[in-house]
Amino acid sequence: MKRSYIYLITVIAVYAAFVIVFDFFPRSTFSELEKRELATFPKPTTKNVASGQFTKNVSQWFSDSEPYRDKFMSMSMIFGDNLKLRLFENPQSNIKFHAATDDAATANDMEMEMETGEIEGYDNKLTANANAKIANKGIIVMGEVPNVRALMAFFGGPNGGANYAKACNEYNRVFGHQAKIYCLVIPTAVEFYCPDAAKSATKPELPTIKNTHSKLNDSVIAVNAYTPLAKHANENIFLRTDHHWAPLGAYYVAQEFARVANVPFRDLSSYEEKVVHGYVGSMYGYSHDISVKNSPEDFYYHIPKDVTYTTTYLKYNIDQNYKVIGEKAPYSGQYFIKYPDGSGGAYCTFMGGDSKITHVHTSTANGRRLLIIKDSFGNAIPGYLFYSFEDIHIIDYRYFAKNLKKYVEDNKITDILLSAVISRAYGGGNDIIKYINQPEGTYNGLVKGSQPKATK
């Protein structure tokens, strides 16, 4: 009987503690673990209150912004790892992979000669025999602490990328009379480091890259990222704890781009190497695997030494759905942002993130002016091109509220690099075509001045 009272008191105390923490402690606003802003308390309007959406948004805010969110998630991961509830050694056990079922023979048998040379498949001899397990969201976790590597699986088939190639061709049709158009598709770490034991958990990326390049018009220049990355796979070209590549990988691809663009390029002796120690990137939050957190790495990047440059930003205001709702006045700032050791934001070293237009004016007075339209993988490329171009304009494909024809004309762009990681190139393209003719000041799909006023 006494034990029952102790048990009851313990349960009530734990429950009361959780109620106090969740109801009265300060709410979390940013998750370092998930690398994102958390939900904010919604503003009530006549429309969302009447429809019930306001109540749903409050519920989402309450569950998304709980106090000590990251600490509770980390505790859950440690508990699950210790009990071995969801981590297992065989990647084929108890999990289904919804990959495309396209006939791989079409692309595997394809032989292509491009301006960049033939792309050949990569024979993984580095990590082929490493142990592997499947974590949250089908992420492959390989190796042992403190050198664990987490790999984002690729689920696409060999017929992907055609729509992205179509977008590149459209850019050439519209801008080809004044600028050279380049198509860059970036493979990911799983293509080079996936252990043999986990091969069934992912699809090969090379067939998709070949298919994309095969759909390009002759006047669009394909940039072969695959071969230089494969040649240097024994170097730190991809981050172990983040889904992005490492800056060194971007350096080798920037070198290849400079070659096909016929512009100058400097080797790493012209750069000052910087490092952020103890970096743990996005794959900890994605995988929910504590071994990733326990395997921090060094984040190396490079700052050009003997070229002068100025950086101007146009920062966009975005809502909780990552839609552009306004913009701030242009301002000058640093291109390379210094992060302290242990910071999970080190990949934002370049430009401080994505939701902006960046213009870098360099002392390389050669009349070449580059526009890069990219996803977050592309953030690491421009810093290696300050010796190559007089001006570099950088646009993220998710955040652009101007008319691209006018932008290219006003800035006298001579080269346009369309850069996409393979997962986006697989089915993307329409999102960048729309920018060509969209009106100036298009916020959240509406032209500035035409948005309905918020109901008070």
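To be clear, the structure that these remarks concern was listed above.
Residues numbered from 1 in each chain as written. Predicted model: local features only at pLDDT ≥ 70, side-chain atom pairs only at ≥ 80, totals over all residues. Heavy atoms only, no water.

K.L.:
Is there a simple way to explain the overall build of the protein chain in this structure?
P.N.:
In terms of regular secondary structure, the protein chain is built from 15 helices and 18 strands. Relative to its full complement of 456 residues, the protein chain shows a buried share of 51%. In the protein chain, the share of contacts with a sequence separation of at least 24, taken over all contacts with a separation of at least 6, comes to 75%. (Helix = DSSP H or I, 4+ residues; strand = E, 2+ residues; numbered from the N terminus. Buried < 20%, exposed > 50% of the residue type's maximum accessible area, 1.4 Å probe, protein only. Contact = heavy atoms within 4.5 Å.)

K.L.:
Explain the pattern of salt bridges here, please?
P.N.:
As a working rule, side chains carrying opposite charge can pair if their charged atoms are close by. A full pass over the atoms with the stated rule returns 15 salt bridges. Taking the shortest distance from any N to any O, the salt bridge between R424 and D431 comes out at 2.9 Å. (Salt bridge = Lys/Arg side-chain N within 4 Å of Asp/Glu carboxyl O.)

K.L.:
Which parts of the structure should I look at to understand the sheet that holds strand β5 (residues 149-151)?
P.N.:
Working definition: the strands of a sheet are paired by backbone hydrogen bonds and lie parallel or antiparallel to each other. Read from one edge of the open sheet, three strands run β3-β4-β5, paired in antiparallel fashion. Edge positions in the sheet fall to β3 (132-134) and β5, since each has one partner strand and no second. Taken over all neighbouring pairs, the strand axes of this sheet differ in orientation by 25 degrees on average, direction set aside. In this sheet, β5 lies alongside strand β4 (residues 140-142) in antiparallel orientation, the contact comprising three bridges. Residue I140 lies in a different strand from β5, and its bridge partner there is L151. (Pairing = 2+ DSSP bridges. Axes fitted to C-alpha atoms, helices over the stretch in contact; angles between N-to-C directions.)

K.L.:
Which parts of the structure should I look at to understand the nonpolar core?
P.N.:
Nonpolar side chains tend to gather and get buried jointly when the protein is soluble and globular. Counting residues in hydrophobic clusters, the biggest one holds 110 residues, and the most contacted among them are Y171, W245, F257, L404 and I416. Sequence-distant contacts of F257, defined by excluding residues within four places in its chain, comprise Y182, V223, L370, L385, F389 and L417. I139, V280, I290 and V292 belong to the second-largest nonpolar core, a separate cluster that totals ten residues. (Core = buried A, V, L, I, M, F, W, Y, C linked by side-chain atoms within 4.5 Å.)

K.L.:
Even after reading the chapter, I still don't get helix α8 (residues 206-214), so can you show me in this structure?
P.N.:
Because each turn of an α-helix spans 3.6 residues, side chains separated by three or four positions in sequence point in the same direction. The element α8 is extensively covered by neighbouring structure, given that eight of its nine residues are classed as buried. Those residues of α8 not exposed but buried are L206, P207, T208, I209, K210, N211, T212 and H213.

K.L.:
Please clarify how the environment of H213 should be interpreted in this entry.
P.N.:
Along the chain, the position of H213 falls in helix α8. Judged by relative accessible area, which is 6%, H213 ranks as buried. Residues H213 and A165, 48 residues apart in the sequence, show an inter-C-alpha distance of 7.0 Å.

K.L.:
Can you help me understand the packing of aromatic side chains in this one?
P.N.:
Scanning all chains against the criterion turns up 29 aromatic pairs. Plain terms: the ring middles of F400 and Y435 are 5.3 Å apart, the flat faces sit at 75 degrees to each other, and that makes the pair edge-to-face. With F400 in the loop between β15 (391-396) and α13 (404-410) and Y435 in the loop between α15 (430-433) and β17 (442-443), the pair connects residues that are 35 residues apart, well separated along the chain. Here the two residues F400 and Y435 agree in accessibility, since each one is buried. (Phe/Tyr/Trp six-rings, centres within 6.5 Å; stacked < 30°, edge-to-face > 60°.)

K.L.:
What should I look at first to understand unusual backbone geometry in this one?
P.N.:
Negative phi values dominate among residues other than glycine, just as trans dominates among peptide bonds. For the bond running from V145 to P146, omega is 15 degrees, close enough to zero to count as cis. Secondary-structure assignment places P146 in the loop between β4 and β5. The residue M351 is not glycine, and still its phi comes out positive at about 70 degrees. According to the relative accessible area criterion, M351 is buried, its value standing at 2%. For K412, which is not a glycine, the phi torsion comes out positive at approximately 50 degrees. One can find K412 in the loop between α13 and β16 (415-421). Under the relative-accessibility criterion, K412 is labelled exposed at 56%.

K.L.:
Any chance you could explain the environment of G160 here in plain terms?
P.N.:
With respect to the helices and strands, G160 occurs in the loop between β5 and α6 (162-175). Take G160: its relative accessible area is 5%, and that puts it in the buried class. Considering only alpha carbons, one finds G160 and P207, 47 residues apart in sequence, at a separation of 8.6 Å. Dropping the residues within four chain positions of it, G160 is found in contact with T208, N211, T212 and Y426.

K.L.:
Even after reading the chapter, I still don't get the side chain of Q438, so can you show me in this structure?
P.N.:
Secondary-structure assignment places Q438 in the loop between α15 and β17. Overall, the relative accessible area of 10% leaves Q438 in the buried class. A distance of 2.9 Å separates the side chain of Q438 from the backbone oxygen of K402, its partner in a polar contact. The contacts of Q438, once residues within four sequence positions are left out, are F400, A401, K402 and N403. (Polar contact = N/O pair within 3.5 Å; in protein donor to acceptor, adjacent residues only side chain to side chain.)

K.L.:
Hey, could you run me through the state of the cysteines in this one?
P.N.:
When the sulfur atoms of two cysteines share a covalent bond, that bond is a disulfide. One pass over the full model with this rule turns up zero disulfides. Note on C168: no disulfide assigned, nearest cysteine sulfur contributed by C183 at a separation of 3.6 Å. (Disulfide = S-S within 2.5 Å.)

K.L.:
How should α6 be read in this particular structure?
P.N.:
If you check α6, its first and last C-alpha atoms are 20 Å apart, about what 14 residues at 1.5 Å a residue would give, namely 20 Å. Looking only at α6, the buried set comprises Y164, A165, A167, C168, N169, Y171, N172, V174 and F175. (Expected span 1.5 Å × (residues − 1).)

K.L.:
Which parts of the structure should I look at to understand the pairing of strand β14 (residues 369-374)?
P.N.:
Burial analysis of β14 places six of its six residues in the buried class, which makes it a mostly covered element. Residues R369, L371 and I373 line one face of β14 and the alternating positions L370, I372 and K374 line the opposite face, and both faces are buried. Where β14 lies against β15, six bridges are found, and the strand directions are parallel. Counted as the bridge partner of I373 is I395 from β15. Bridge analysis of β14 against β16 gives four bridges, and the strand direction is parallel. Within β16, the position partnered with L370 by the bridge is D415.

K.L.:
How should I be thinking about the environment of A425 in this particular structure?
P.N.:
Mapped onto the secondary structure, A425 falls in helix α14 (residues 422-425). By relative accessible area, which is 1% here, A425 ends up buried. In this structure the C-alpha to C-alpha distance between A425 and I209, which are 216 residues apart in sequence, comes to 8.8 Å. A425 has contacts with G161, Y164, V185 and A420, leaving out every residue within four places of it along the chain.

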